[in-house]
Amino acid sequence: MAGKTALAQFRDRIGLTRDVRRIVYVYLAAVLVFAAGEIVHPGFARLDSIAAILTVASFVGLVAAGQTFVVLIGGIDLSVPWVLNAAAILLVTSSLGEDGRAVYAVLITLAMGAAAGLVNGVIIAYLGVPAVVVTLAMNGIMEGLTLGLSGGMTCDSCASYAPPVVQDAVHGSLFGFPTALILWIVVIAIVSFVLSLTTFGRKTYAIGNNAKASYLAGINVRLSTVLLYALSGFFAALTGILLVGFGGQASLGMGDPYLFQSIAAVVIGGVYVLGGRGHYLGTTAGAVTLVALVSVLLAMNMPDYGRNIIYGVVILILLLLYGREEKQE
Amino acid sequence: MSTEAAIERRRTGRLSHFLGQNVGLVLALAMLVMAVVLYCAVYWVEQAALPGMFELTSTVNNTMSLVLCGMGQAFVVVTRGLDLSVGGVMDLANALAAVHIKDTVGSMVGWSLIILAIGAALGLVNGLLVAIGRLQPILVTLATLSIYQGLAIRVLPQPGGSIPPVYSSVLVNPNGPSALVYVLVVALIWYAFRRSSLGVAIFALGNDEQAARANGIDTVRAQVAAFTLSGLMSGAAGLFLAATATAGDATTGNGFTLSSIVAVVLGGMNLFGGRGSGIGVIAGAFVTTMIVNILFFSNIDPLYQSFYEGLFLVIAVVLGALISRLMRRRS
Amino acid sequence: MSAGPSATSGPIAPAIEGIKLSKAFGGVQALAGASFSASRGEVHALVGENGAGKSTLIKILGGRLRPDAGQVRLAGANVQIASPDAAHGHGVWTVFQELTLLPWMTVAENLLIRREPRGTLRLIDRARMAEQADAVLAGLGIHHIDPRALVEDLSLAQRQIVEIVRVIVQDPDVLLLDEPTSSLGENEVKWLFGLIRDLRRGNKCIIFTSHRWNEITDVADRITIFRNGGELGTFAEIDETRAVTLMTGQQVDAFYPERPPLEAARPLLQVRGLTGPGVSELSLTLRAGEILGVGGLAGHGHRELFFSLFGAAPISGGEILVNGRRVRISSPRDAIGLGIALVPEDRKTEGLILPMSVGTNLTLAILPQLSALGIISRNREGRAARNMVSKLKIRTPGLRNPVQQLSGGNQQKVLLARWLLADSHILLLYDVTRGVDVATKHEIYELMTSLVREGRGVLFYSSDAEELAHLSHRVLVMREGHVAAELEGPGITAEDIVSAAVREATSLVD
């Protein structure tokens, strides 16, 4: 009895119990996928293999942080692929691979991402245009601008590498942990803190559950919306920087997979797609599960196009699972 | 008051009703006229002549895919949904056409019908997931977009295959604007749809789902039908795309998800459902092509095409929002 | 049109019966084993306070809702009415309270939906459709509704009439009308009652709900009284005092608390010439310690008035003074900062954030005061919330439970408590007792009077004229967006309010 109350208290402290359970399930799912991978492909669950998968997952997880923010208010950001891609190219072309210009390049790249998201947010919040349409248009705008300004990646500076400091920062390790992973853990801590303990997080959940009632309770819904979309752009740009640091060079189309991956991670992570419920901790588990699953399938020689199909099927299955649950209430 | 005066008054009443209730359509047609005029002007500056039959033919041929998938998108937009899988369905139709259609009448007719049926089936899957699974249209079609694109690459891993020249010239005759017939057919499809029970059901659903149900309308059936029609039209759009390119590429359809929404928005449809005209969407599709033509003559790098598409989409939705806000304030 | 196995079930079987019908919505028992019956050739009124279960009953009979338990009988035969279509098949047609017109379709399309005239290729003939709609409307004496107009552009009264016409032309055997007169003026009500009497002569069964006692006694043959989801009996003859006592479960005098005395108090809120969508040239003054009632027919600008005073609807002219100072209110945030609070009619969609906790809902408007550097202090939040829970006696299992687990009345109290936490002095209460059980209603009345005793001012709109008459110091009756009459003093009656409201400048019917 005493144990039960302690558990109940613990649940209460964290928040909505069912949502916590869901996050735990997603982590269990990730573990299961690793176990299955080890069975079909011995060595899959070795530490270095896990670290490699987690590093890839961290990229998905960072994009998905922004996606989580907008999905929590019932929105969606379809501009992720080309904001990310533009950021990657902007980083190499503005730094020209020189360490001396790295700080400047990183800052303007992040600012560009946040600005693209800000524009999304302003049009969505102040003009009431559906988020899908605005962010889809923004994706086209960023694509066209990127292609046009880089001359289809033929520009001289387009072939530049990421500054060594950026590359080292992504590839390096601290106390035996890859730095990319450490960065992700820091982001996880900050985003979780913001969502759970701040007025900004509280407002985000309130708007996601009921924007009208939130507005009538005095919350500046428009401002929050703009900030959330700006954050999504920021995280897409951040991921672009890390990816180009990871791979060395930028390329066209490098952002394409991240739209489906970020949305799949959010959906797998139990964030309710109409907004108001879920947590970034779930999304992180979703990112790990998704990347591990795809890695297992690739290890089983799944052809490339199979990945597209897997993303779609996974999103659909989880929508059906969670959708059913919502309906019963 | 004389009877003529009464009839006259009634006519003007009807006209003002039509204008007031079809602002989107009227604006779309006005935009089309403006785009054509601007195109002629730019053409005149560059070529010192007016565009002729050749330009008309290539414009109509190049726009047919967008007319078709835009109309498909329109059916879904009326239900206040969006179909993001349009591009994926077109990819798959395009790939199947390039791989399978051979130079015999049987193959051309048979495979065209099969591909149209597949398009409708893909739309049906979307519709069932949305209506019976009670899922968000955007997320469902985003997921199926990924799946359909994957399947298209499975069918045609590398660009290639071929389309028989006869097939191409039937769909998109390079020697004359005969494809205008298809535009007329699409317009007639909309005309009939709007005057059918299915049209009433789909529009009622987009007006107010609860009220539609209270009126005894089977909203589930209406929603499934809207997505199925969208899939069917996208399948047809994929065939035209293959015919225009004369070969297959499993990725060229991707951009049409965005373009179809551009056509719908430029066509004056309301994205919140229940309002709008497919005739406007046809105009919107042509406006989109005219814009590309104008940019071409203005010597703008074609690499910027999606930039301008996105920009015009944003401008169109922003203007649309402002106009409807103004009208609401005045009433 | 008519159908059903009536022949076998004897000559005296009622046209329609509900037997021990129950329906619950998420823990709230809207209908608890209610029974009633009505016969052919009868006009039957269902009366009761808001939330007594009348609308739920009508929705069950009309096929919009399925009962959790109980049985519906038509002409003595058990039936399952699974959908509106099924009801129509039995000759049962309903005018629902939430109108079911399609806003962006024309009046003609709405009138003739699914029965459109067909032309070549079975396509709908639009010209003929408009003519038919014209004929239908003219045949019923309606000349001021254009069949080619969009429903969106009609007034609420016009929509109500279209909704009624649409059902009447179906020649129903059993006609259910849920609050058909709430937006209708005097002449339109007469028109409707004329139609109802014609139907009665045609041996049809008509069931309707209303809040207006005069109307009920005017047209009804029998009255069934409801309270808290159950029926208390059917009467052919009953006087108003007795009916109200049954509906509220108490003597009228005990049910409504005494009005606190109104001293020569300073004005809290002054509105001069306010104009905006739905509101025109409206002026009013709300004094400290006053309950200022606002009444009138539905759709005459009340909601717009309340929302624009709260900064949630646009204003194009006029001025607002708070505590004698001219203010600009362009968002709810501005309003809250000035001590204004709005409790909207629909607490579930506009007031509370249902899935979030009681504590969160209580403190939502004062987050900045409970946080430092954007971080919420859980201690301060908990203290503030607990304070209010005990002050207003909110019955909740805990602060962390979702507010949707609470009963309707307690939800309403959470909303009021939110504004007390925000230290609001001007309370805009918009139909707050709608869908609340009788006991909680009484508590809300007590709360309102205690709030004005503390020197706050309450602007109070209610769709229930009885409530307005008993609680308000003064009542403003709105018509077409402005104050058409001001009633003052303890002698205000519900009839006074209704008769001031239904007087109309233009009539939609002959």
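The structure we're discussing is the one just above.
Residues numbered from 1 in each chain as written. Chains lettered and ligands numbered in written order. Predicted model: local features only at pLDDT ≥ 70, side-chain atom pairs only at ≥ 80, totals over all residues. Heavy atoms only, no water.

A closer look at the overall build of chain C
Each helix and strand in chain C was counted, giving 18 helices and 22 strands. Its C-alpha atoms give chain C a radius of gyration of 24 Å, within 12% of the compact-globule value 24 Å for 510 residues. For chain C, the spread of C-alpha atoms along the three principal axes comes to 70 × 50 × 45 Å. Expressed as a percentage of the 510 residues in chain C, the buried residues total 58%. Contacts in chain C between residues at least 24 apart in sequence constitute 67% of all its contacts with a sequence separation of at least 6. Summed over all atoms, the accessible surface of chain C reaches about 19,700 Å², with 49% contributed by carbon and sulfur. Chain C carries 54 positive and 57 negative side-chain charges, and their two centres are separated by 7 Å. (Helix = DSSP H or I, 4+ residues; strand = E, 2+ residues; numbered from the N terminus. Rg over C-alpha atoms; globule rule 2.2 N^0.38 Å. Buried < 20%, exposed > 50% of the residue type's maximum accessible area, 1.4 Å probe, protein only. Contact = heavy atoms within 4.5 Å. Areas by Shrake-Rupley, 256 points an atom, 1.4 Å probe, with all protein chains shown as cover. Lys, Arg positive; Asp, Glu negative; His and termini not counted. Charge placed at Lys NZ, Arg CZ, Asp CG, Glu CD.)

Quick notes on the pattern of salt bridges
Residue and element names in this part refer to chain C. Summed over the entire model, instances satisfying the criterion amount to 31 salt bridges over all chains. Here Glu98 ties to Lys59 by a salt bridge, and the two come within 3.4 Å at their closest N and O atoms. Of this pair, Glu98 sits in the loop between strand 6 (92–95) and helix 3 (107–111) while Lys59 sits in helix 1 (residues 54–61), placing them 39 residues apart in sequence. Taken together, the salt bridges that share partners define one network made up of Arg40, Asp171, Asp173 and Lys204. (Salt bridge = Lys/Arg side-chain N within 4 Å of Asp/Glu carboxyl O.)

Remarks on a nonpolar patch on the surface
The grouping of Leu27, Ile315, Leu319, Leu322, Ile323, Leu326 and Met327 of chain B at the surface amounts to a nonpolar patch, some 590 Å² of accessible area in total. Along the chain, Ile315 of chain B turns up in helix 14 (residues 305–330). (Patch = residues over 30% accessible without salt bridge, like charges linked within 9 Å, V, L, I, M, F, W, Y side chains within 5 Å.)

Side note on the packing of helix 8 (residues 180–194) of chain B against helix 13 (residues 278–297) of chain B
All names here are of chain B. Relative to each other, helix 8 and helix 13 sit at 150°, their axes nearing to 9 Å. By the criterion of interaxial angle, the relationship of helix 8 to helix 13 is roughly antiparallel. Counted together, Val183, Val186, Ala187 and Trp190 of helix 8 and Gly278, Ile279, Ile282 and Phe286 of helix 13 form the full contact between these two elements. (Axes fitted to C-alpha atoms, helices over the stretch in contact; angles between N-to-C directions. Parallel < 35°, antiparallel > 145°, perpendicular 65-115°, else oblique.)

A short note on the interface of chain B and chain C
With 27 residues of chain B in contact, the opposing surface of chain C contributes 26 residues. Looking at the side of chain B facing chain C, the largest losses of area belong to Arg195, Asn207 and Asn215 of chain B, adding up to 28% of the total buried there. Where chain B touches chain C, the interface holds zero salt bridges. Inspection of the region where chain B meets chain C yields nine residue pairs in polar contact (both at pLDDT 80 or more). Only helix 1 (3–21), helix 8, helix 9 (197–207) and helix 10 (209–214) of chain B provide two or more residues apiece to the side of chain B that touches chain C. Here the side of chain B that touches chain C takes six residues from helix 9 of chain B, the largest share from any one element. Looking at side-chain class alone, the side of chain B that touches chain C contains nine nonpolar, 11 polar and seven charged residues. (Buried area = accessible area lost by both parts, 1.4 Å probe. Polar contact = N/O pair within 3.5 Å; in protein donor to acceptor, adjacent residues only side chain to side chain. Nonpolar A, V, L, I, M, F, W, Y, C, P; charged D, E, K, R; others polar.)

Structural notes on the interface of chain B and chain A
Frequently, the measure chosen for interface size is the accessible area that the parts lose on association. In this complex, chain B contributes 39 residues to the contact, which on the side of chain A involves 39 residues. Summing both sides of the interface, chain B and chain A together bury roughly 3,300 Å²; the carbon and sulfur share of this comes to 83%. It is Leu139, Leu142 and Leu303 of chain B that lose the most area in chain B upon contact with chain A, and together they represent 16% of the buried surface on that side. In this assembly, chain B and chain A are joined by zero salt bridges. Those elements that provide at least two residues to the side of chain B that touches chain A are helix 6 (137–155), helix 12 (256–266) and helix 14 of chain B. For the side of chain B that touches chain A, the residue count by class is 27 nonpolar, nine polar and three charged.

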